[in-house]
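Reading the structure
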Amino acid sequence: MGANSSSISELPENEYLKKLSGAEPISENDPFWNQLLSFSFTTPTNSADLKLLEEATISVCKSLVEKNPRTGNLGSLIKVFLSRTKELKISAECQNHLFIWQAHNALFIICCLLKVFISRMSEEELKLHFTYEEKAPGSYGTECEDLIEELLCCLIQLIVEIPLLDITYNISLEAVTTLIVFLSCQVFHKEILRESIIHKYLMHGRCLPYTSRLVKTLLYNFIRQERSPPPGTHVFQQQTDGGGLLYGIASGVANSTAYSSSNPHAFQINFNSLYTALCEQQKCDQATLLLYMLLHQNTNVRTYVLARTDIENLVLPILEILYHVEERNSHHVYMALIILLILTEDDGFNRSIHEVILKNINWYAERVLTEISLGSLLILVVIRTIQYNMTRTRDKYLHTNCLAALANMSAQFRSLHQYAAQRIISLFSLLSKKHNKVLEQATQSLRGSLGSNDSPLPDYAQDLNVIEEVIRMMLEIINSCLTNSLHHNPNLVYALLYKRDLFEQFRTHPSFQDIMQNIDLVISFFSSRLEQAGAELSVERVLEIIKQGAVALPKDRLRKFPELKFKYVEEEQPEEFFIPYVWSLVYNSAVALYWNPHDIQLFTMDSG
C-alpha cells in the first residue's frame, strides 16, 4: 500500500504497513499517513480474495497487536480517519474524490485490523488497545476521550449523514462492514454473550441519539437495493452488490423502537415502499427474517400489512419458501411458517385470502392449479409441509405451528378448492394409518417382552400420544369448519363422505369421542340424503344435494366447541435461536467480510 497500487501478494512486504505495525510510534500529524492512504488497492469482495487478503495481512496485524501497547499506532490511525471524516459531507457535495478516497482507505485498513484484533482478544482487551498512546510507551491514555465511542459515533454518522452517491458508495459500505466487525465478538463464542461493551456504546451515551436514524437509513438501503456503481463512475474499483451486507445489519437491528409513536426514537418511513421491497426480496433468508421482526415486534407494520388489498404479493413468496422446503434451511422454513401463523391470528386476513383468486400457480407441481383461492393454496402448502415433516424431519415444533395456522383459519374456510378439501382428508388418512401402525407395533412389542426383561422397550406410548394429539387437532380443524361454515364448503363435505370409513374407528375412542359427535352427525345427515336420492349419482348431483342439505341441516344440532385460536409467542430465550441465525446470515451473505471458518464458534457451517 502507499502511493502505488498494491496487489494482495505484495502486502506482507509493504514498507508502509511494516512501519504502521513496527516498533516506532507515528504521530497523527506525520506525513506518513498521506503516503499510507494513497493507494488504489482493489478491495476484494469475493470470499477467495478476502481469504487471501486475510492470510497476506495476518503477520502485519499480529505485529501491531504486539507493538501497539508501546506505539499507540492503532489510535493514531483512527484519529487520522476521524479528522478526515469531519469534512466528508462537504467533500461528497463538492465531488472531492481525493478526500473521500483517502478516508475510505483509512477505514478499510482499520476494518481489516479490527477484524483480526476482535478474533484474537476479548472486548476488554480491545478497549485497552484504543487507549494506548505514543507519549509514554506501555502506558494507558488519559480518560478525556473515548476513542471507541468516537469511532462508533463517526461510523453511524457516516452511514446516516453522507448521501449515498457513486463516489460515497464504497465508504458507506465500509462503514456498515466496520460496524458489523465491531459487533462480531459474539461469533467467536459458543455461548450467547449477555454483556457487550460495544453494544452498550451503541445503546447508550453519544451513539443513542443516532440509533433511530441508523435503523431508518438501513431500512431505506434495504428498500432502495442500490447496486454498486459501474466502473469509471467513482474513484474506487468496482464492487459487487452490497445488498446482502445491508440485509444482514438491517435484520439484526430493526425493531419496534423504530416505529412506536410513544417512543422518543420513533421515526416515519414509507410503508408502501417497505412493503414492496419485502414482497420482492422474500427468496432470501434475510428479508424473511426482517419481515418476521417487523410483523412480530411492530403493531404499526402489522396493521398496515393486514390492511393491504394485495396481500397475495407477500403471501405467495412465503408459500413458495414452504413449498420448496427440501431446498431451504430449517431456519428459513421456521421464519416463513411463523409469519403465516402471525398473519392467521387476524380474522380479516383469514376471510380475505379466500376472496383472492389466483391463476396458474406454476411452481406447484403436484397438480395443475388453473384457478384457486389464496386461502386454498395456503392450506395445500401447509398440509404438504406437515406431510414432508412426518416422513423426513419429524420436527414437533414445525408440526405444532403448521397445525396452529390451519386451526386459526378453520372457522373462516370459504369455498375450499376440491383438491384442498381432498388433501385435508388425505392428511387425516395418513395420520390414521400411522396411528394404527404404531398401535400394532406397541402391541407386538408388549407381547414379545412378556417373557424377557433383557432389552428396554421402545417408547411407543410417547409416539402414540404425539400422533393422537395431531389427530385430535385435525379433527378439531374439520369440526371448526363444519360448525362455522359448512354451507360455504360443499367440497369438504364431499371429501368427508367419500372417506367416511376413515372416521369409524375414532367414534368410540375415548380421546376423540366428544369431537367426533359433530363430524359423525354431518356424515350421517348427508349420507342419509344421498341414499334417498338413489344410486349412481354424478359428482355434480352429489354436490347439489350437499348444498341443499347444508341449508336444511339444523345448526343447533351441532355441538359448540371453544373457538380455535392460537397466538405465536417467542420462546423464553429467543436469543438462543436468533443470535446464531443472524450471524450465520451475516457470515454467508456479507460481500466485504471473510472470517476463517475454523475460528467460528457460534454456529456450525451448515446452519446458515
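Please read these numbers as outputs of a predicted model, since none were measured by experiment.

Calculation notes
Residues numbered from 1 in each chain as written. Predicted model: local features only at pLDDT ≥ 70, side-chain atom pairs only at ≥ 80, totals over all residues. Heavy atoms only, no water. Helix = DSSP H or I, 4+ residues; strand = E, 2+ residues; numbered from the N terminus. Buried < 20%, exposed > 50% of the residue type's maximum accessible area, 1.4 Å probe, protein only. Contact = heavy atoms within 4.5 Å. Core = buried A, V, L, I, M, F, W, Y, C linked by side-chain atoms within 4.5 Å. Expected span 1.5 Å × (residues − 1).

Before going further, it helps to spend a moment on the overall build of the protein chain. Looking only at helices and strands, the protein chain features 26 helices and 2 strands. Relative to its 608 residues, the protein chain shows a buried fraction of 55%. Of all intrachain contacts in the protein chain linking residues separated by at least 6 positions in sequence, the fraction that spans at least 24 positions is 75%.

Of note, the phi angle at glutamine 225 is positive, near 50°, even though the residue is not glycine. Along the polypeptide, glutamine 225 turns up in the loop between helix H11 (211-224) and helix H12 (243-253). The backbone phi angle of asparagine 360 is positive, close to 45°, even though this residue is not glycine. Within the secondary structure, asparagine 360 sits in the loop between strand E1 (357-359) and strand E2 (371-373). On the accessibility criterion, asparagine 360 (45% relative accessible area) is partly exposed.

With that settled, the discussion passes to the environment of leucine 20. You can see leucine 20 is positioned in helix H1 (residues 15-20). Under the relative-accessibility criterion, leucine 20 is labelled buried at 1%. In this structure the C-alpha to C-alpha distance between leucine 20 and serine 63, which are 43 residues apart in sequence, comes to 9.3 Å.

As a further point, take the nonpolar core. Tyr292, Tyr364, Leu377, Ile424 and Phe503 are the most contacted members of the largest nonpolar core, which totals 125 residues. Considering each element in turn, this core owes the most residues, 12 residues, to helix H22 (residues 460-485). Within the second largest apolar cluster, 81 residues are counted, among which are Leu36, Cys111, Met121 and Val160.

What follows is about helix H24 (residues 513-533). In this model H24 runs 30 Å from its N-terminal to its C-terminal C-alpha over 21 residues, within 8% of the 30 Å that 1.5 Å per residue would give. Among the residues making up H24, those that are buried are Ile515, Met516, Asn518, Ile519, Leu521, Val522, Ile523, Phe525, Phe526, Ser527 and Leu530. On its buried side, H24 packs onto H22, helix H23 (490-498) and helix H25 (539-552).

This is a description of form; function is not addressed.
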